[in-house]
Amino acid sequence: MTLPFENDTGPVIKKLASRSIQTDKRRNLFVIVTIALAAALMAAIFCAGAGSDRKLEADIRGQYQAVVVNCDHDTIERLKDCPEVERWGLSQNYGSARYGDSVLTVEYADANWMELGKKPSFTGTLPQAANEILVERAFLDYFEIPAEVGQTIEVNLGNGKRTYTVSGIMDVENDSRMFQLYVSEAFVEEIAQGEPLFEFRLRYTGADSMELEQLKADIAAFLSANDVSEDQIFYSSNYFDMQGFKSGVMKYYIPVAILLLVACAVVIYSIFFISVKGKMREYGRLKVIGTTPKQIRRIVRREGLLLSLCGIPLGLLVGGAIGFAIFPAHWSWMGNLPYLAATAAACALTVFLSIHAPVRMAARVSPIEAVRSSGYETATDRKDQKNHRITPFSMAQMNFRRSRKKTVITLVSLGLTGVFLVTAATVLNSISPEKMAIEAMGDHCNYEVSWMDSGGAEGLPAIARENPLTEELRQGLLAIDGVESITSHEVTSATVKFPQESVALNQLYPDIENREAVWNVHTSEDSDALRASIFSLLENPVLTVFSRADHAASLESQLKMMTRGVYLLLAFLFVFSMVNLVNTLMTNLLARQQELGILQSVGMTGKQVSRMLIAECLWYAGVTVFLSVGIGGILGWIFDYVISSFNIFGELSYQFPLMETVVFVLTLLVVTGIFSVVAVRYSKRLSLVERIKTMD
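Analysis parameters
Residues numbered from 1 in each chain as written. Predicted model: local features only at pLDDT ≥ 70, side-chain atom pairs only at ≥ 80, totals over all residues. Heavy atoms only, no water. Pairing = 2+ DSSP bridges. Helix = DSSP H or I, 4+ residues; strand = E, 2+ residues; numbered from the N terminus. Axes fitted to C-alpha atoms, helices over the stretch in contact; angles between N-to-C directions. Parallel < 35°, antiparallel > 145°, perpendicular 65-115°, else oblique. Contact = heavy atoms within 4.5 Å. Nonpolar A, V, L, I, M, F, W, Y, C, P; charged D, E, K, R; others polar. Salt bridge = Lys/Arg side-chain N within 4 Å of Asp/Glu carboxyl O. Buried < 20%, exposed > 50% of the residue type's maximum accessible area, 1.4 Å probe, protein only. 1 Å grid on protein atoms, 1.4 Å probe; cavity = no way out; pocket = protein on both sides within 12 Å on 5 of 7 lines; lining within 4 Å. Points joined across faces, edges and corners; volume = space filled by probe spheres on them. Polar contact = N/O pair within 3.5 Å; in protein donor to acceptor, adjacent residues only side chain to side chain. pLDDT = per-residue confidence, 0-100. Lys, Arg positive; Asp, Glu negative; His and termini not counted.

Run through the pairing of strand β8 (residues 178-183), naming residues and quoting values.
Where a strand is regular, its side chains alternate between the two sheet faces. Bridge count for strand β3 (residues 102-109) against β8 is 6 bridges, and the pairing is parallel. Its bridge partner being in β8, Val-106 is matched across the sheet by Leu-181. Here 3 bridges tie strand β5 (residues 132-136) to β8, and the two strands are oriented antiparallel to one another. In the strand pairing of β8, Val-135 is matched with Leu-181.

In structure tokens form, the structure reads like this:
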């Protein structure tokens, strides 16, 4: 006797897999959407990340590579026309100044440096006269000054309080009380004691095609040949460390990609599991005519392959388009090809692993058991076999427990999303920018007063000799109502060269009596009036003042960005879980058409069928909410405790995410409600006789 599949069965398996694909269009749609969604998200993340890397590199490469400090006019004239200098610009920093309760960073920048340094765009003109300044629009808005060119502002920029005219306004967002202010070259010449000195920033010709070490050596040789001393030369750390900036970005996307693949795997496993359960009779018939378990496995795997060939390219196309839309100017086919290939391979492997268990289940089907199986029939609990009053709600409960494995798989997908949401939202809500700011401020103070930002290490001794943190100033601060105490920290600096020179480090700068560099000001409370009083007393522009409220505002903006990213990822996971839920409910509905028809033939009304379907959806929603709130709340408390123990974000105060949970529950109810309406309408499309005749 010759078995049907004794010879080369490849063409037959291909035909059977193709027919199965054609007859199960609903399942195919869910699988393709799931695969495409995972591939699209991963491709978009990696392509956008690669584009961000390329943009960062392009921005850095477009900047200067070296700066010559203390550069006089003769040196500038000698360097700027050299063929080795591709682009150049002049700048100079003049520390900080006070205006009300804000801090102004004062800087000079010529038109070349504004362009080379990619400074923010502005309306108006750069300052020309000594009494003209360029300010941020946020600065004018904060002090309710009309954002118009020509406004006058009275401020002390280091040469006494004077009236300055706003020649230009920079379009930049700024939520802090620290603003940028640019002065003119005439101001530089006026304030200079003798000939003004500048920082000469340059881009070396042909730098983009050179190795970094060779570039640094060539710049050093060029400047040395033009009588620039070695101690005047500083190199851009951004430019020469650009590889370090790039290497640390993509690794943060890998955990996100793994999480997406896990969510995709759960959904695909669920869909194929339900599909295989529904085709038990079909596989049994194939077993009867001689199909081997190996051949059935090949059929199901080929279905997964065909669906992957549809979903993965579609996802890569969509994800690539998203990545291109985010960074169109930095798209690179060759640069993105490895990421697209890795995404395709990861998705294909995920599909293969996801269908492994359903494939084995299909291969183990016994011919006799399969012929008797109905794809929807499962063992029932003994309590379900007892006589009890049948209602739409009791039937919904029985149907919910009827196929426990399908139910568990669906609830795992939904529950994980809810648990992740509640856990993440709990931690995010428990993080307090104010408490983080308390930990970041020295001695948990309210205000930090320092002159260390006014010069580099080599300039600290000179400032310390004329230390602005005097006893008179201390007593003046302590006299302000609300200021309780001041703690101080001393600092010093030294330049030591080894092994040529040896320095006795036990006594540095014996002529400096007051080494206090930082004051931590402690207050009973914080208010605008108190802040204004403190800032009005600290008029010396050498001093910088940083408040706890400023630090908290900066941390809050960072926390908001992180929160948006986390919630966006959770939204995608929710989409995966919804695909799984809808597939499960739709499969149950299709498999029970004959059953529903029989129930209606013995007296069950259409309204009762509707109530039963709605109750089933509510069962899924209710259990999901229970798991999410219960497990997520506990995990959130545990994470809060652990994070507080390590002092990563300061002390966390447990805050249950009520609003986020309500939004999740309402969204879940809306989706299940919509499905209930669709399911009821679908069940009414066939007549009672047609539904009774329907076979599984």
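Summarise the packing of helix α2 (residues 25-61) against helix α10 (residues 253-278); cite the residues concerned and give the values.
With their axes 10 Å apart at the nearest point, α2 and α10 run at an angle of 175° to one another. One finds that α2 runs roughly antiparallel with respect to α10. Residues Arg-27, Phe-30, Val-31, Thr-34, Ile-35, Ala-38, Leu-41, Met-42, Ile-45, Phe-46 and Gly-49 of α2 touch α10, and the partners they reach there are Tyr-253, Val-256, Ala-257, Leu-260, Leu-261, Cys-264, Val-267, Ile-268, Ile-271, Phe-272 and Ser-275. Class assignment of the residues belonging to the contact of α2 with α10 gives a composition of 18 nonpolar, 3 polar and 1 charged.

Hey, could you go over the environment of Val-427 for me, with residue numbers and the actual values?
Mapped onto the fold, Val-427 is located in helix α18 (residues 404-430). Separated by 211 residues in sequence, Val-427 and Ile-638 have C-alpha atoms that sit 9.5 Å apart. Excluding anything up to four places from it in sequence, Val-427 contacts Gly-636, Phe-639, Asp-640, Ile-643 and Leu-652.

Lay out the sheet that holds strand β14 (residues 544-547) with the relevant residues and their values.
Spatially, 4 strands are ordered β12-β13-β11-β14 in an open sheet, and the strand pairing comes out antiparallel. Edge strands, defined here as strands with exactly one partner in the open sheet, are β12 (483-490) and β14. Mean inter-strand twist for the sheet, computed between neighbouring axes without regard to direction, equals 20°. Against the sheet, helix α21 (residues 471-478) makes contact with β12 and β13 (516-523), and its axis sits at roughly 150° relative to β12, the strand it touches most. Where helix α22 (residues 528-537) meets the sheet, it contacts β11 (447-450), β12, β13 and β14, and its direction lies at approximately 10° from that of β11.

Just give me the short version of the pairing of strand β2 (residues 85-99), but keep the residues and values in it.
Where β2 meets strand β9 (residues 198-204), 6 bridges bridge the pair, whose relative direction is antiparallel. Opposite Arg-87, over in β9, you have Arg-203 as the bridge partner. Judged from the 7 bridges that link them, β2 and β3 form a sheet pairing that is antiparallel. Bridging from a neighbouring strand, Ser-96 pairs with Thr-105 of β3. Connecting the antiparallel pair β2 and β3 is a turn made up of 2 residues, with Gly-100 showing a positive phi of about 60°.

Could you give an account of the pattern of salt bridges, naming the residues involved and the relevant values?
When the charged atoms of two side chains with opposite charge come close together, those side chains can pair. Tallied over the entire structure, the rule returns 7 salt bridges. With a shortest N-O distance of 3.1 Å, Arg-203 and Glu-86 are connected by a salt bridge. Taken together, the positions of Arg-203 in strand β9 and Glu-86 in strand β2 put the pair 117 residues apart, joining distant regions of the chain. With relative accessibility at 5%, the residue Arg-203 sits in the buried group. Classification of Glu-86 by relative accessible area gives partly exposed; the value is 39%. For Arg-87, the salt bridge identified is with Glu-115, shortest N-O distance 3.5 Å. Residue Arg-87 is located in strand β2, and its partner Glu-115 is located in helix α4 (residues 111-116); the two are separated by 28 residues in the primary sequence. Residue Arg-87 is classed as partly exposed on the basis of its relative accessible area of 30%.

Please set out the layout of surface pockets residue by residue, giving values where relevant.
Of the voids in this model, the second largest pocket is the one considered here, and its volume is about 960 Å³. In terms of lining residues, the second largest pocket is bounded by 32 residues, among which Val-256, Gly-565, Val-566, Leu-568 and Leu-569 are the most central. Broken down by secondary-structure element, the contributors of at least two residues to the lining of the second largest pocket are α2, α10, α18, α23 (548-591) and α25 (606-646). The element that contributes the greatest number of residues to the lining of the second largest pocket is α23, accounting for 8 residues. Of the residues that constitute the lining of the second largest pocket, the class distribution is 29 nonpolar, 3 polar and no charged.

Kindly report on the side chain of Ser-91, identifying the contributing residues and their values.
Secondary-structure assignment places Ser-91 in strand β2. Overall, the relative accessible area of 1% leaves Ser-91 in the buried class. Within the structure, Ser-91 has its side chain in polar contact with the side chain of Arg-201 (distance 2.9 Å). If near-sequence neighbours (up to four positions away) are discounted, Ser-91 is found in contact with Glu-107, Tyr-108, Ala-109, Trp-113, Phe-198, Glu-199 and Arg-201.

Explain the confidence of the model for the protein chain to me, using residue names and the numbers behind them.
Per-residue confidence for the protein chain averages 79 on the pLDDT scale, and 85% of its residues sit at or above 70. The least confident element of the protein chain, judged by mean pLDDT, is helix α16 (residues 382-385) at 51; the most confident is β5 at 94. Note on residues 373-380: pLDDT under 50 across the span, and 18 contacts to partners over four residues away in sequence or across chains.

Could you give an account of the side chain of Glu-660, with specific residues and numbers?
With respect to the element layout, Glu-660 can be found in helix α26 (residues 658-683). Notably, Glu-660 is buried but unbridged: the nearest opposite-charge side chain belongs to Lys-560, and the N-O separation is 13 Å. Engagement of the side chain of Glu-660 in a polar contact is seen with the side chain of Tyr-567, the distance being 3.2 Å. Among residues more than four places away in sequence, those in contact with Glu-660 are Leu-421, Ala-425, Asn-429 and Tyr-567.

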